[in-house]
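Below are the chains, spelled out letter by letter.
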Amino acid sequence: MALRARALYDFRSENPGEISLREHEVLSLCSEQDIEGWLEGVNSRGDRGLFPASYVQVIRAPEPPSAPSGDSHGQAARYANVPPGGFEPLPPPAAAASSAAAAPLALSLASSFKPLPADSFQPGQPPPPAAAGFPYGAASGALQPSSAQPLYGSGYQPSQGSDDDWDDEWDDSSTVADEPGVLGSGSYPDYDGSSSGGGGGCAPGRYRLSTRSDLSLGSRGGPAHAHPQHHPPPSGAKSSATVSRNLNRFSTFVKSGGEAFVLGEASGFVKDGDKLCVVLGPYGPEWQENPYPFQCTIDDPTKQTKFKGMKSYISYKLVPTHTQVPVHRRYKHFDWLYARLAEKFPVISVPHLPEKQATGRFEEDFISKRRKGLIWWMNHMASHPVLAQCDVFQHFLTCSSSTDEKAWKQGKRKAEKDEMVGANFFLTLSTPSAAALDLQEVESKIDGFKSFTKKMDDSALQLNHTANEFARKQVTGFKKEYQKVGQSFRGLSQAFELDQQAFSVGLNQAIAFTGDAYDAIGELFAEQPRQDLDPVMDLLALYQGHLANFPDIIHVQKGALTKVKESKRHVEEGKMEVQKADGIQDRCNTISFATLAEIHHFHQIRVRDFKSQMQHFLQQQIIFFQKVTQKLEEALHKYDSV
């Protein structure tokens, strides 16, 4: 008989491979063994995938008398979905172990788990219907994979090819930055500040921070090949449960280090200069203002060559207002900086760079368009309270790669070896100590912002399409139509010239001038998009990059919130101490503060940018139609003397 389960709570899938559940819904299970706190099954709508084991209650039919303890088949049935009695005699243990390696993923992973001890069932919890089983909870032993999979620190992939490839000037033997998924994974020494020896003190301006606790993570830290040992708790002792880890190790929540931080695995040294402060403003959490605001101009794009003319590139001159010292940067330098920032700041929307182009890279129109895009990008970078003060960004703005190559490469290597990434990044966040967040209110705000970004993204795409189509018509269609009108007026004037009467000469000239006026108006239409529509589309492109960033930022916060809910259920069931659950909630609050601060900053710059751009657009429209009116008035006055 197929295994079934009843959903205890609603669950909404957020990652590929997961399925949604509705409360009281009956599901079919593919296996009775959970995998890191997740089960695989089919819901009532026919969708197959993973869902949290703690969200369902297994419905199991009455079982026949259990086999003797020495029966190898009875033992194997605990770990696989095999009917009582089996299909065939099981091989000896050695053969069974080798055949398990070729089994499906769910069964092979399940074999590394131990079932929840029977005495961990809480009497206060309602038993499953018509069952002698117990609700699935988080197992006290977490999966310890035998081989680590690569975890990528960012979805950003620097493109290959074009003049922006790395060359000998840039590609030295530097150390690549550690991946966020690796940081906080248990490989750090435990800096808990408990040492009293003189040699264990912190350097001035550096603080030992750790989120490590006695929160059990099962077999973490032990040999990967060791099987978890079951030690029943003493009589009367409170059973210990853990907050399950995400099965999808490539999710943004895991890659960013958010999961490791929330589960208390992060530890490291934080310098004073690395602290990122969130303060309470009149509208809620916001980033602490930059005490030394500045701007940066980007001018003088110049084509340069190297390797005796074999390689060409465009160099831009950057002049920060706080130093007034110009530095020259290529697009690949911007590209490298973006990759570093996107890796380091998982809860901050780093603006996207203008797109690359394979051909026509040295054409004047493309260079001008890229420069405008870089100006918008730099404006957003310099106006962000956190990004503007980041060490790697300041190094990018102030260190000359041409005059001091050694200092430039040292700063580059330092940025690539930055330890405050991944789970450790969240240690740098400093939040209001006396402020407490209402998780339901936070979730409501995040959901509201998620709906807002979806609607804004749709409307931005629509406006961009409309503006692009209208600009195309102005450059080609409108210009051509106005020139047709002008040509027709000139044709009429040429016909009138066949009349040799002296009093008709003025009329002929006035009509010819009207034709020329319409030609000029056509040219005005063709040139106008550069003045008004193109800047609007540049701004929309920049904000579409921001809107593409926020789903990942929101996913990190949602993942932290899910861990809090899970820990609260364990507390209610008596499986987790309140102190451990409070620690998880405090770390979730840290992520929520940063997320709300970033949302607040996004709205601030959005209002600033769109106000300024709409004013510019309407001013240019007024100037344009004033020019058209002037041409028409000049033509009109030609008829006064006829």
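Visitor: Give me the lowdown on the pattern of salt bridges, citing residues and values where you can.
Guide: Close approach of charged atoms allows side chains of opposite charge to pair. Scanning the entire structure with this criterion turns up 23 salt bridges. Between R245 and E259 there is a salt bridge, with the nearest N and O atoms lying 3.8 Å from each other. Linking R245 in the loop between β6 (206–210) and α4 (252–255) with E259 in helix α5 (residues 258–262), this pair joins segments that are 14 residues apart in sequence. For the residue pair R245 and E259, the accessibility class agrees, reading buried in each case.

Visitor: Go over the environment of E32, please, and point to the residues and values.
Guide: Structurally, E32 can be placed in the loop between β2 (26–29) and β3 (38–42). On a C-alpha basis, the gap between E32 and R4 in space is 8.9 Å, while along the polypeptide they are 28 residues apart.

Visitor: If you had to explain the sheet that holds strand β9 (residues 284–287) to someone new, which residues and values would you point to?
Guide: The three strands are arranged β9-β8-β13 in an open sheet whose pairing can be described as mixed. Each edge of the sheet is formed by a strand with only one pairing partner; in this case those strands are β9 and β13 (429–430). Where strand β8 (residues 276–281) and β13 come together, two bridges link them in parallel fashion. Of the residues in β13, the one forming a bridge with L276 is L429. Sheet strands in contact with helix α13 (residues 578–637) are β8, β9 and β13, and its direction is about 75° off that of β9.

Visitor: Go over unusual backbone geometry with me, naming the residues and quoting the values.
Guide: One non-glycine residue, D300, adopts positive backbone phi at about 55°. Structurally, D300 is set in strand β10 (residues 296–306). Note on D300: relative accessible area 44%, which makes it partly exposed. A positive phi angle, close to 60°, is found at Q324, a residue other than glycine.

Visitor: Can you lay out the confidence of the model for the chain for me, pointing to particular residues and giving the numbers?
Guide: Taken over all residues, the pLDDT of the chain has a mean of 76, while the share at 70 or more is 71%. When pLDDT is averaged over each helix and strand of the chain, the minimum, 36, is found for helix α3 (residues 105–110) and the maximum, 95, for α13. Taken together, the stretch residues 65–204 has pLDDT below 50 and engages in 228 contacts with residues farther than four places along the chain or on a different chain.

Visitor: A description of the pairing of β10 should follow, citing residues and the corresponding values.
Guide: Pairing analysis gives nine bridges linking β10 to strand β11 (residues 311–320), with the strands arranged antiparallel. When the bridges of β11 are listed, Q304 appears paired with Y313. Taking the residues between adjacent antiparallel strands as the criterion, β10 and β11 are bridged by four residues, where F307 takes a positive phi near 55°.

What counts as what
Residues numbered from 1 in each chain as written. Predicted model: local features only at pLDDT ≥ 70, side-chain atom pairs only at ≥ 80, totals over all residues. Heavy atoms only, no water. Salt bridge = Lys/Arg side-chain N within 4 Å of Asp/Glu carboxyl O. Helix = DSSP H or I, 4+ residues; strand = E, 2+ residues; numbered from the N terminus. Buried < 20%, exposed > 50% of the residue type's maximum accessible area, 1.4 Å probe, protein only. Pairing = 2+ DSSP bridges. Contact = heavy atoms within 4.5 Å. Axes fitted to C-alpha atoms, helices over the stretch in contact; angles between N-to-C directions. pLDDT = per-residue confidence, 0-100.

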